Amino acid sequence: MSAEVERIILAGFGGQGILFLGKVLAEAGMRNGKHVSWIPSYGPEMRGGTANCTVIISEHPIASPLVTVPDTVIAMNRPSVAKFNVRIKAGGMLMYNSSLIERQEFRDDIRLVEIPASEIADELGNARVANLVMAGAYAKFSKLIDYDEMVKALPQLIPASKKELAEINLAAFERGYQFVKEKKYMFGRYVYSVFKGI
Amino acid sequence: MADKVLMKGNEVIGEAAVLAGCRYYFGYPITPQSELPAYLARRLPEVEGVFLQAESEVAAINMVYGAASAGARVMTSSSSPGVSLKQEGLSYIAGAEMPCVVVNVVRGGPGLGNISPAQSDYWQATRGGGHGDYRTLVLAPNSVQEMADMTIAAFELADRFRNPVLLLVDGILGQMMEPVQLPAPTTYDINQKPWALGNPNPRKGGRNLCSTIFLDVEQLEEHNWHLYQKYQVVTDEFAKGAYKHLAVETHAVDDAEIVLVGYGIISRILKTVVEKARKRGIKAGLVRPKTLWPFPSQVLADLAAKTKQFLVVEMSCGQMVEDVKLAVDGKKPVFFFGRTGGTVPSDFEILNEVDKLVRPD
């Protein structure tokens, strides 16, 4: 992952909290002193079930906030992989919710990172925090997000109407981060790698 | 200085309006700008302001007319088809010289079109849009920070010139989030405009009048030339650099063999194109009009003497390109590349166009 700029497309079902997941990453970048941008898909597809958004975190001012070729795709459901897999930069990363997406021959020139996000979220007691599991997992890979800073900031991002969920969101974020950390992520470019199980 | 906050463009316009002393908003929801009225519906009551969802866009713009004539700082917003509906009211407001701010978060047209981002309302915005001889100032931000700064500037310009000021934004900017540093609030006194209704006017028989009806042809002609002279003052002040920070941005133009021209979100993509072109050894530069009327013609006219060609890029079939051609005045070729219907061109396809123009073989 480049140390200067991270271009991420995040996608999933409407209701999986994709836009919020993007916002969490953008906030994390901003609070770490980086330039950030966040663009949602707001077109008719949003009403049809899939939602996606684009986040850039950068050391430098962001010229175009639009991303054709992302460094990373975070996919929460199967249609998202189908839609965005081909666009990932060679050597980039596909991080996917392996609870809902079965392993398959994606591409051999990208890093594959399986995160059983929905299962982890279920274990925590709320399937809807799978997005924060992914945010935590991504934070472990990111060079532009500061984990400790984010743990401090996260409770402030939860809307006042959902304050009771602050704790479980934070727990999900921490579990996602720990999951990647414990798996001793070692593979480099072009290596087909797999995590399995919790 | 306050910390930066991550906010959506549409919401930032709402907050900046409040900070500029705007206490009245009249509007009607339409994608992709509905976050703006939604924000103000919550925010204006907190500052003892009035948020009113009108029965239609036509009603909303005429409520703006009324509030402006009473001396208030007032705003309405919509997206393309809704802004078309506002044109009659806008013509009245311009004719009556009432200051107000109108936001258009542009979507794909013509007709109902779609809700994706577009720049196809350039002509409507910069040529008046409604009937009669009139002009509106048009500001075109390209970042969430500029949406804050330009909203405040729009209120100041509106009061300074007693004229409607349009904020022309596309759907992407309205929807996107970026860090923004919000400026300090301005105090605005609704009684500070001597011409406003309710204030005495000894010269005109005791009362102020706000009207656009001039049945006498000589009176109307005199009024229209008065408006024309005001627009000349606006144009002159911009040309003389009184609003330099608002008028235009140039990037890497000094040695440019090809100058790209674009506004709004396109200008951000063009900046990436300039960087990529220069890596390939193509000396590309960028001119970004920040104010679309008055158009920063002189900057382009000056560059016409130095560069070899211009490429105008828009999310339309080609509207601003006409202003660029007027400015360049035939001295150098002006080419156009556009995507329309809600499609946003990628840096790759624009770079391809640049390649074709610079290396035609």
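What counts and what doesn't
Residues numbered from 1 in each chain as written. Chains lettered and ligands numbered in written order. Predicted model: local features only at pLDDT ≥ 70, side-chain atom pairs only at ≥ 80, totals over all residues. Helix = DSSP H or I, 4+ residues; strand = E, 2+ residues; numbered from the N terminus. Expected span 1.5 Å × (residues − 1). Buried ≥ 20, exposed ≤ 12 C-beta atoms within 10 Å, placed from the backbone. Contact = placed C-beta atoms within 7 Å. Nonpolar A, V, L, I, M, F, W, Y, C, P; charged D, E, K, R; others polar. Core = buried A, V, L, I, M, F, W, Y, C linked by C-beta atoms within 7 Å. pLDDT = per-residue confidence, 0-100. Domains from an automatic or database assignment. Pairing = 2+ DSSP bridges.

A. Molecular detail of helix H3 (residues 57-69) of chain B. Residues and elements named next belong to chain B. Between the first and last C-alpha of H3 there are 18 Å, a value that for 13 residues agrees with the 18 Å anticipated at 1.5 Å per step. Buried residues of H3: Glu57, Ala60, Ile61, Met63, Val64, Tyr65, Ala67, Ala68 and Ser69, and no others. The elements touched by buried residues of H3 are strand S2 (24-27), strand S3 (50-53), strand S4 (74-78), helix H4 (80-85), helix H5 (87-95) and strand S5 (100-106). Following H3 by one or two positions, Gly71 has its phi on the positive side, about 95°.

B. The interface of chain A and chain B, seen in detail. Counting residues at the interface gives 16 residues for chain A, matched by 20 residues for chain B. When residues of the side of chain A that touches chain B are traced back to their parent elements, those giving at least two are helix H1 (18-31) and strand S2 (35-40) of chain A. A per-class count over the side of chain A that touches chain B returns 10 nonpolar, four polar and two charged.

C. Looking closely at the nonpolar core. The biggest cluster of nonpolar side chains holds 170 residues, and the ones touching the most others in it are A:Leu25, A:Val133, A:Met134, B:Val64 and B:Leu260. The element that contributes the greatest number of residues to this core is helix H7 (residues 144-161) of chain B, accounting for 10 residues. Setting aside residues up to four positions removed in sequence, B:Val64 forms contacts with B:Phe26, B:Val74, B:Thr76, B:Ile93 and B:Cys100.

D. Spotlight on the confidence of the model for chain B. Mean pLDDT for chain B: 96, with 99% of residues reaching 70 or above. Confidence estimates for the predicted assembly give a pTM of 0.94 and an ipTM of 0.92.

E. Here's a closer look at the domain arrangement of chain B. All names here are of chain B. Per the domain assignment, the segments of chain B are domain 1 (5-192) and domain 2 (246-358). Once you take the C-alpha centre of each, domain 1 and domain 2 turn out to be 27 Å apart. For the side of domain 1 that touches domain 2, the element with the highest residue contribution is helix H6 (residues 122-126), accounting for four residues. When grouped by side-chain class, the residues that make up the side of domain 1 that touches domain 2 number 14 nonpolar, eight polar and two charged.

F. Seen up close, helix H7 (residues 166-182) of chain A. All names here are of chain A. For H7, which comprises 17 residues, the first-to-last C-alpha distance of 24 Å matches the rise-based estimate of 24 Å (1.5 Å per residue) to within 8%. By the burial criterion, the buried members of H7 are Asn169, Ala171, Ala172, Phe173, Arg175, Gly176, Tyr177 and Phe179. Elements that come into contact with the buried residues of H7 comprise strand S6 (111-115), helix H4 (117-124), helix H5 (130-141) and helix H6 (147-157).

G. Spotlight on the environment of B:Asp254. Residues and elements named next belong to chain B. Mapped onto the elements, Asp254 comes out in the loop between strand S11 (248-251) and strand S12 (258-261). Asp254 sits in the exposed class, given 10 other C-beta atoms within 10 Å. With 31 residues separating them along the chain, Asp254 and Gly285 place their C-alpha atoms 7.8 Å apart.

H. Quick look at the pairing of strand S8 (residues 177-180) of chain B. Residues and elements named next belong to chain B. Alternating positions in S8 separate into two faces, Met177 and Pro179 on one and Glu178 and Val180 on the other, with burial throughout. Pairing of strand S1 (residues 5-8) with S8 involves four bridges; the strand directions are antiparallel. The residue bridging Lys8 from the neighbouring strand is Met177, located in S8.

I. Structural context of the environment of B:Asp361. All names here are of chain B. With respect to the helices and strands, Asp361 occurs in the segment after helix H14 (347-358). Exposure remark for Asp361: the 3 C-beta atoms within 10 Å place this residue in the exposed category. C-alpha of Asp361 to C-alpha of Tyr24: the two residues are 337 residues apart in sequence and 58 Å apart in space.

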